[in-house]
Amino acid sequence: MPADLYDVAIIGRGPAGLQAAIHAAGKKAKVVVFGKLEKSSLYRAHVANFCCFEKVMTGKELLEGGTKQAESFGAVFIEQDIIETKSETDCFTVVTENGQTYSSRTLILTMGISRKKLRVKGEKEFVGRGVSYCVDCDANFYKGMDVAVVGNESAAVTGAITLLRYAKQVHLVCRKLTITDLLYDQLNNSDVKISRKAWVKEIIGSNEVEEVLLTTGETLKVNGIFIELGAKGAMELAANLGVVFDAETFSFIETNKWQETNIPGLYAAGDITGQPWQIAKAVGEGCVAGMEAAVYARKLADS
Amino acid sequence: MAEQGVLDVTDSNFESDIIKADKPALVDFWAPWCGPCKAIAPVIKELEETYGDSIIFARFNVDTGPNTPAQYGIRAIPTVILFQNGTVVDQLVGAVPKSHLEEFVKKVL
Ligand SMILES: Cc1cc2nc3c(=O)[nH]c(=O)nc-3n(C[C@H](O)[C@H](O)[C@H](O)COP(=O)(O)OP(=O)(O)OC[C@H]3O[C@@H](n4cnc5c(N)ncnc54)[C@H](O)[C@@H]3O)c2cc1C
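Residues numbered from 1 in each chain as written. Chains lettered and ligands numbered in written order. Predicted model: local features only at pLDDT ≥ 70, side-chain atom pairs only at ≥ 80, totals over all residues. Heavy atoms only, no water.

**Here we look at unusual backbone geometry**
Phase 1 of the analysis: A cis amide bond links A:Q275 with the next residue in sequence, A:P276, at an omega value of 0°.
Phase 2 of the analysis: Secondary-structure assignment places A:P276 in the loop between β17 (266–268) and α7 (279–302).
Phase 3 of the analysis: Of note, the bond from B:I77 into B:P78 is cis; its omega dihedral lies within 30 degrees of zero at 0°.
Phase 4 of the analysis: Relative to the assigned elements, B:P78 resides in the loop between α3 (67–71) and β4 (79–84).
Phase 5 of the analysis: Located in the positive-phi region is A:C52, a residue other than glycine, with phi close to 85°. (Helix = DSSP H or I, 4+ residues; strand = E, 2+ residues; numbered from the N terminus.)

So this is what it looks like as structure tokens:
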């Protein structure tokens, strides 16, 4: 059992994660929250329909308020993305973009939803023939080849670094990176070739991907392109733990009314569990998940 | 009568169990480290329970042998390929919804 074991680890600091943190820490659980405030889909919103706030609130104000509340109850915030999750006997382990490992008796997934598709010409056509959405799944198929990764956040950068172990040449296409300083240094000291202030305009090939045309006019000759927008989401962080998704869309995590997934000790709340995508639903589910996780962790600690 | 569940195939029995099979076959190319592969596995199993009488449901762990995946140009997993009389009818890449997979399976019914 790791020395500094948390009771409740929460991936995501949007309304679902913050409310979960408030309720779990309120029950005296040792709580850690991962993620970035500015990456919540609420951050840029103006909110008029959230009960009890009569005046229009900005998402930023709400999130900052929620963070202060959770901190006052004792929750700890780590402003980093999670890039890996593992389940071990009686605890979960998560790895941050800086490579730090944290362990917790329970885990609450509140990563929200994010765009996965690039929506450019050639993308759909070449899926499985050079276009990939999962470095962890497909890196092995690109041994000795040239590849590109597109994205601005931790998934793209850690993905590009991972690909160095397989591919001959790795290009990273990004507009502006939003990652931790440590990861940034790691990237700059690596052999990844970076195309900055650039984005993918078109993916070109005959039967397979052969070239990627950038908005800067540059063309990359590559055998594959990995589309890794944003931070790792449900499919990357939950599916490997054996979490069941809704069979109809394969986009959302299935939970019961206590926000439990099919894995004991693992909960999900907010946009990640499906529609409606609203703060009220996110905080409602976050509240339940936080309380349930705290109780479950207590039981594990006492047994 | 679906007696055998989802069959594990490898480079060595791919020819006999899939290519030369007397029934159409659906092969799920997967790997243990792949999250999306884990996500679709229960759906493939469900489809096997429904359609297992008329179609062979198999899975190929790409970790066990590179030849077959390379032969079919597999560069992303999960990839699900539908075979009939030894040739590829169609293929799907990624964790696609159950309804898509079911439509896909019906192509050989
Ligand atoms: C423009 C806009 C306007 C909106 N207006 C309204 C409104 O008026 N009323 C309303 O009720 N709702 C509104 N919504 C919807 C609302 O913002 C969402 O329903 C709500 O934010 C969902 O909360 P969440 O906690 O589930 O996810 P999010 O708020 O999206 O938070 C996700 C969190 O997870 C983190 N994260 C993601 N991946 C990782 C990872 N790998 N590691 C660590 N952390 C990770 C992110 O950094 C972020 O902190 C609006 C949304 C948008 C986009």
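**Examining the pattern of salt bridges**
A pair can form between side chains of opposite charge whenever their charged atoms are brought close.
All names here are of chain A.
Phase 1 of the analysis: Going through the model one piece at a time under the given rule, you end up with 17 salt bridges over all chains.
Phase 2 of the analysis: The shortest N-O distance in the salt bridge between R105 and D7 comes to 2.8 Å. With R105 in strand β8 (residues 101–109) and D7 in strand β1 (residues 6–11), this residue pair connects regions lying 98 residues apart in the sequence.
Phase 3 of the analysis: The class of R105 is buried, set by a relative accessible area of 18%.
Phase 4 of the analysis: Through salt bridges with shared partners, a single ionic network connects K36, D81 and E97. (Salt bridge = Lys/Arg side-chain N within 4 Å of Asp/Glu carboxyl O. Buried < 20%, exposed > 50% of the residue type's maximum accessible area, 1.4 Å probe, protein only.)

**Quick notes on the packing of aromatic side chains**
Phase 1 of the analysis: Taken as a whole and judged by the stated rule, the model has 11 aromatic pairs over all chains.
Phase 2 of the analysis: Taken together, a centroid distance of 6.1 Å and an interplanar angle of 55° make the contact between A:F252 and A:W277 tilted. Here A:F252, found in the loop between α6 (234–237) and β17, pairs with A:W277, found in the loop between β17 and α7; they are 25 residues apart in sequence, far enough to count as distant.
Phase 3 of the analysis: On the basis of relative accessibility, which here comes to 36%, the residue A:W277 falls in the partly exposed class.
Phase 4 of the analysis: With a centroid separation of 6.3 Å and an interplanar angle of 40°, the aromatic rings of B:F14 and B:F29 are classed as tilted. In this pair, B:F14 is assigned in helix α1 (residues 14–19) and B:F29 in strand β2 (residues 25–30), connecting sequence segments 15 residues apart.
Phase 5 of the analysis: Judged by its relative accessible area of 0%, B:F29 falls in the buried class.
Phase 6 of the analysis: One aromatic cluster in this structure is built from B:F14, B:F29, B:F60, B:Y72 and B:F83.
Phase 7 of the analysis: The aromatic ring of A:Y133 is capped on one face by A:K117, whose charged end is 5.4 Å from the ring centroid.
Phase 8 of the analysis: When the ring centre of A:W258 is taken as origin, the NZ or CZ atom of A:K257, which lies over that ring, is 5.7 Å away. (Phe/Tyr/Trp six-rings, centres within 6.5 Å; stacked < 30°, edge-to-face > 60°. Lys NZ or Arg CZ within 6 Å of the ring centre and 35° of its normal.)

**Remarks on a positive patch on the surface**
All names here are of chain A.
Phase 1 of the analysis: Together, R115, K117, R119, K124 and R175 give the surface a local cluster of positive charge.
Phase 2 of the analysis: With respect to the helices and strands, the residue R115 is situated in the loop between β8 and β9 (131–132).
Phase 3 of the analysis: Taking relative accessible area as the criterion, R115 reaches 43% and is therefore assigned partly exposed. (Patch = residues over 30% accessible without salt bridge, like charges linked within 9 Å, V, L, I, M, F, W, Y side chains within 5 Å. Areas by Shrake-Rupley, 256 points an atom, 1.4 Å probe, with all protein chains shown as cover. Lys, Arg positive; Asp, Glu negative; His and termini not counted. Charge placed at Lys NZ, Arg CZ, Asp CG, Glu CD.)

**Concerning the interface of chain B and chain A**
Phase 1 of the analysis: Chain B puts 20 residues into the contact, and the matching count from chain A is 20 residues.
Phase 2 of the analysis: When the buried area of chain B at its contact with chain A is split by residue, B:W33, B:A39 and B:R75 rank highest and sum to 39% of it.
Phase 3 of the analysis: The interface formed by chain B and chain A holds 1 salt bridge in total.
Phase 4 of the analysis: Across the salt bridge formed by B:R75 and A:E208, the nearest N and O atoms sit 2.9 Å from each other.
Phase 5 of the analysis: Contributing elements (two or more residues each) for the side of chain B that touches chain A: α2 (35–51) and α4 (98–105) of chain B.
Phase 6 of the analysis: The leading source of residues in the side of chain B that touches chain A is α2(B), at 6 residues.
Phase 7 of the analysis: Considered class by class, the residues forming the side of chain B that touches chain A number 14 nonpolar, 3 polar and 3 charged. (Contact = heavy atoms within 4.5 Å. Buried area = accessible area lost by both parts, 1.4 Å probe. Nonpolar A, V, L, I, M, F, W, Y, C, P; charged D, E, K, R; others polar.)

**Remarks on the site of the ligand**
All names here are of chain A.
Phase 1 of the analysis: Around the ligand, the structure places 32 residues, and the nearest of them are S40, N49, I82, Q278 and I279.
Phase 2 of the analysis: Interatomic distance of 3.0 Å between a backbone N/O atom of S41 and an oxygen atom of the ligand.
Phase 3 of the analysis: L42 places a polar main-chain atom, nitrogen or oxygen, 3.4 Å from an oxygen atom of the ligand.
Phase 4 of the analysis: Coverage of the ligand by the protein chains reaches 83% of its 1000 Å² of free accessible surface.
Phase 5 of the analysis: Looking at the shell around the ligand, the elements that each hand over two or more residues are α1 (15–26), β3 (46–47) and α7. (Near = heavy atom within 4 Å. Polar contact = N/O pair within 3.5 Å; in protein donor to acceptor, adjacent residues only side chain to side chain.)

**A look at the domain arrangement of chain A**
Residue and element names in this part refer to chain A.
Phase 1 of the analysis: Parsing chain A into structural domains produces domain 1 (5–114 + 233–302) and domain 2 (131–227).
Phase 2 of the analysis: Using C-alpha coordinates to define each centre, domain 1 is positioned 29 Å away from domain 2.
Phase 3 of the analysis: Tallying the contact residues gives 9 residues for domain 1 and 9 residues for domain 2.
Phase 4 of the analysis: Together, K39, E97 and N98 form the three largest contributors to the area buried by domain 1 at its contact with domain 2, with a combined 58%.
Phase 5 of the analysis: At the boundary of domain 1 and domain 2, one finds 1 salt bridge.
Phase 6 of the analysis: The partner of E153 in a salt bridge is K39, with the nearest N and O atoms 3.4 Å apart. (Domains from an automatic or database assignment.)

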